[in-house]
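# Understanding the architecture of this molecule
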Amino acid sequence: MSNSVKLFLIAVLLIGGLWGEQIQSFVKNNMPAIVIDDTNNTTIPEPDLAYKTLVGPLREMQVERKDAVEIRDFFWQLSQIIQHEPKLIKTTGQFREFNIIAGGLNFAGLEMKNKYPDLGEAIDSIIMDSIGKEDVPLDDKRREVLYNVLHAIAWSMQ
């Protein structure tokens, strides 16, 4: 490390040590506060009665509001991808892989693992019962069913 870098670091430490509280107080009193709006106002439209019934057990589960918002937003976005990007996911097998990878990335670090032991299995069961377990082409009919199921799952979390 060069001498000028060392001198700069020493100066920063001295200034911080001697006048750190005054600098912090000045910044706190003279800078506008940054407000983070964590009220996500996304409203998922109500699904058809058949799909509302399908996700009924999810609505009965006790999920913390912040976690429900994360789950809702994830499945709403997933439903939009299925509906509007037919060339991206072409088979039910590709969807399962996409769901696993995207879900892993989306929920990483959110401390939800093992928090709701039956929730993941219930969601997977609803999806598998709707599109089947075989890897088959995601034709228009299956795509529509999958969209509606994902939409209903998202709706169940609000």
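Here the structure is shown first, and the text comes after it.
Residues numbered from 1 in each chain as written. Predicted model: local features only at pLDDT ≥ 70, side-chain atom pairs only at ≥ 80, totals over all residues. Heavy atoms only, no water.

### A word on the overall build of the chain
Going by this rule: Here a strand is any run of E in DSSP of at least two residues, a helix any run of H or I of at least four, and the numbering for each starts at the N terminus. The contact criterion used is simple: two residues touch if any of their non-hydrogen atoms lie within 4.5 Å. In these tables, accessible area is a Shrake-Rupley quantity obtained with a 1.4 Å probe, and a residue counts as shielded only by the protein chains included in the view.
Across its full length, the chain carries 7 helices and 0 strands. Along the chain, from the amino end to the carboxyl end, the secondary structure elements read α-α-α-α-α-α-α. A separation threshold of at least 6 residues defines the contact pool for the chain, and within that pool the share at least 24 residues apart is 83%. Summed over its atoms, the accessible surface of the chain is roughly 11000 Å², and 58% of this surface lies on carbon and sulfur atoms.

### A word on the layout of surface pockets
To keep it simple, the criterion reads: The pocket and cavity definitions rest on a 1 Å grid over protein atoms only: a 1.4 Å probe that fits but cannot leave marks a cavity, an open set with protein on both sides within 12 Å along at least five of seven lines marks a pocket, and residues lining either have an atom within 4 Å of a point. Grid points are joined across faces, edges and corners, and a volume is the space filled by probe spheres set on the points. Three categories are distinguished: nonpolar for Ala, Val, Leu, Ile, Met, Phe, Trp, Tyr, Cys and Pro, charged for Asp, Glu, Lys and Arg, and polar for the others, with Gly belonging to the last.
In this structure, the largest pocket spans a volume of roughly 680 Å³. Residue lining of the largest pocket: 23 residues in total, with Phe107, Leu119, Gly120, Glu121 and Asp124 positioned closest to the centre. Of all elements in the fold, only helix H4 (65–84), helix H5 (92–107) and helix H6 (119–131) reach the threshold of two or more residues within the lining of the largest pocket. For the lining of the largest pocket, a count of residues per class yields 13 nonpolar, 5 polar and 5 charged.

### A short note on the pattern of salt bridges
Test applied: Take a side-chain nitrogen of Lys or Arg and a carboxyl oxygen of Asp or Glu: if they are within 4 Å of each other, that pair is a salt bridge. Exposure categories follow from relative accessible area, calculated using a 1.4 Å probe and restricted to protein chains: below 20% of the type maximum is buried, above 50% is exposed, and the middle band is partly exposed.
Summed over all chains, the structure comprises 6 salt bridges. Taking the shortest distance from any N to any O, the salt bridge between Glu64 and Lys115 comes out at 3.1 Å. Of this pair, Glu64 sits in the loop between helix H3 (56–60) and H4 while Lys115 is found in the loop between H5 and H6, placing the two residues 51 residues apart along the sequence. The class for Glu64 is partly exposed, based on a relative accessible area of 39%. According to the relative accessible area criterion, Lys115 is partly exposed, its value standing at 31%. Between Lys66 and Asp67 there is a salt bridge whose closest N-O contact spans 3.4 Å. Several salt bridges converge on common partners, so that one network encompasses Glu64, Lys66, Asp67 and Lys115.

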